[in-house]
Amino acid sequence: MFDVQRVRQDFPILQRQVHGKPLVYLDNAATSQKPRSVVDALVRYYETTNANIHRGIHVLAEEATAQYEAARAKVARFIGARSPGEIIFVRNTTEAINLAARTWAQATLRPGDEIVVTEAEHHSNLVPWQLVARQTGARIRAIPITDDGVLDMDAARQIIGDQTRLVAIAHMSNVLGTIHPIKELTRLAHARGARILLDGAQSIPHLPVDVSDLDCDFLAFSGHKMLGPTGVGVLYAKSELLASLEPLYGGGGMIREVWIDEATWAEAPERFEAGTPNVADVIALGAAIDYLESIGMDTIREHEIRLTGYALDALSNIPGVRLFGPADLQQRGGVVSFYCGDVHPHDVSTVVDQEGVAIRAGHHCCQPLMRRLGVPATARASFYLYNLPEEVDALARALNRVKEIFAGVGA
Ligand code: C6P
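Residues numbered from 1 in each chain as written. Predicted model: local features only at pLDDT ≥ 70, side-chain atom pairs only at ≥ 80, totals over all residues. Heavy atoms only, no water.

Colleague: Break down the sheet that holds strand β14 (residues 335–340) for me, citing the residues and quoting the values.
Modeller: With respect to topology, 4 strands assemble into an open sheet ordered β13-β14-β17-β16, the strand pairing being antiparallel. At either end of the open sheet lies a strand with only one pairing partner, and these are β13 (321–323) and β16 (360–362). Pairs of neighbouring strands in the sheet enclose a mean axial angle of 30°, with direction left out of account. For β13 and β14, the ladder comprises 3 bridges, and the chain directions are antiparallel. Bridging across to β14, Leu 323 finds its partner in Phe 338. Packing of helix α11 (residues 297–316) onto the sheet brings it into contact with β13 and β14, and relative to β14 it is tilted by some 5°. Against the sheet, helix α12 (residues 345–354) contacts β14, β16 and β17 (378–382), and its axis sits at roughly 160° relative to β16. (Pairing = 2+ DSSP bridges. Helix = DSSP H or I, 4+ residues; strand = E, 2+ residues; numbered from the N terminus. Axes fitted to C-alpha atoms, helices over the stretch in contact; angles between N-to-C directions. Contact = heavy atoms within 4.5 Å.)

This is the structure we're talking about:
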């Protein structure tokens, strides 16, 4: 049996109080909290090992290099990549998508080619494609979202066509929580000779994901949303794609040989990791994966399904609360966006914060989706492995407080 109370003891920050109340942290889609083992991995690295990697021939340099490469192998295994060479360390999901856009897409797309996204994408999976489309003459098309908050697959079958070169889609929406049917989209893309890039910012921390099984061509995700530190993220790409790509950044660590006026490149992944990398955070990301695996991704997913079901019930019992996203728990992750009467989500979040409950309010970097939903913003609660049903109860109580305070203005 999954013991949430036991898990909570591993997260020092959960002991804290805010506004004199116990912290209820329900903003995990923005960033997750860190277990002690991840913080310890950072401290241990700086206290015992710190050195530059792939350069020195002394003990510290060799230990640091070995730990950094062990983390790469761990990430590869965690997502089912065929080899650690398919894992490129970057700063976050945003940088990973930009790297794919600036290398693969920039070199591949021609005028009239189409990049297919969805109406629910995070700006990080829109703006990089807009920049590339501007430079290459490619066009962006979006698969609509239905009123139930899922992808319109009939439209997807129409839109993914002979002009499509890339389908770029979030595996799981950070607003609706929707988990999209990636295998089917991959089949549609590949049948047209197109590639598929998954924005895994919200899925990798919460679901078991196997890139070989999904057969996606690229996958981007962030360490900080999966119990790891900020400042480290991953671009996975199939090795056959990486082999033919030019680097984005030039400098130390990414070359084979350099002359005054030309150079040859190292193989991937080094080709895409110019300069001294974020050694400590990569190693701590390895510790985060150890922690997730010690619990089990299936267990985390089941826990979040239960908690999300509990939250949907609790919030739908509050008059005036409007919920977004699919009703089917199998089709959604632990993200619940809502609107509380006519109260602006920023006001909802402020009142809820006074009760010790941290949620997020805003457009969640998804302005096109906000337009589609017809709202300027939403309030959003998002869960992780350390959250309890009692914390959902605290949110529900705080929302009743919002209703009391704003009783005169349609709450
Ligand atoms: N969403 C949220 O509160 P970075 O910032 O690069 O680590 O992640 C960007 C990103 C990309 N795609 C999706 C689906 C995301 O959810 C995010 C981050 C946070 O929803 C911060 S805006």
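Colleague: Please set out the environment of Thr 118 residue by residue, giving values where relevant.
Modeller: One can find Thr 118 in strand β5 (residues 114–118). On the accessibility criterion, Thr 118 (2% relative accessible area) is buried. Between the alpha carbons of Thr 118 and Val 75 there is a distance of 27 Å; along the sequence they are 43 residues apart. Here Ala 120 takes part through its backbone nitrogen, which lies 3.0 Å from a polar atom of the side chain of Thr 118. There is a polar contact of 2.6 Å between the side chain of Thr 118 and the side chain of Glu 121. (Buried < 20%, exposed > 50% of the residue type's maximum accessible area, 1.4 Å probe, protein only. Polar contact = N/O pair within 3.5 Å; in protein donor to acceptor, adjacent residues only side chain to side chain.)

Colleague: Account for helix α2 (residues 36–49), naming residues and giving values.
Modeller: With 14 residues, α2 should reach 20 Å at 1.5 Å per residue; the first-to-last C-alpha distance of 19 Å fits that figure. Those residues of α2 lying buried are Val 38, Ala 41, Tyr 45 and Thr 49. Taken end-on, α2 shows its buried residues confined to a sector of 55°, consistent with a single buried face. Exposed and facing more than 90 degrees away from the buried side of α2 are Tyr 46 and Glu 47. Where α2 is buried, its residues contact α3 (59–79) and α10 (279–295). (Expected span 1.5 Å × (residues − 1). Arc of directions from axis to C-beta.)

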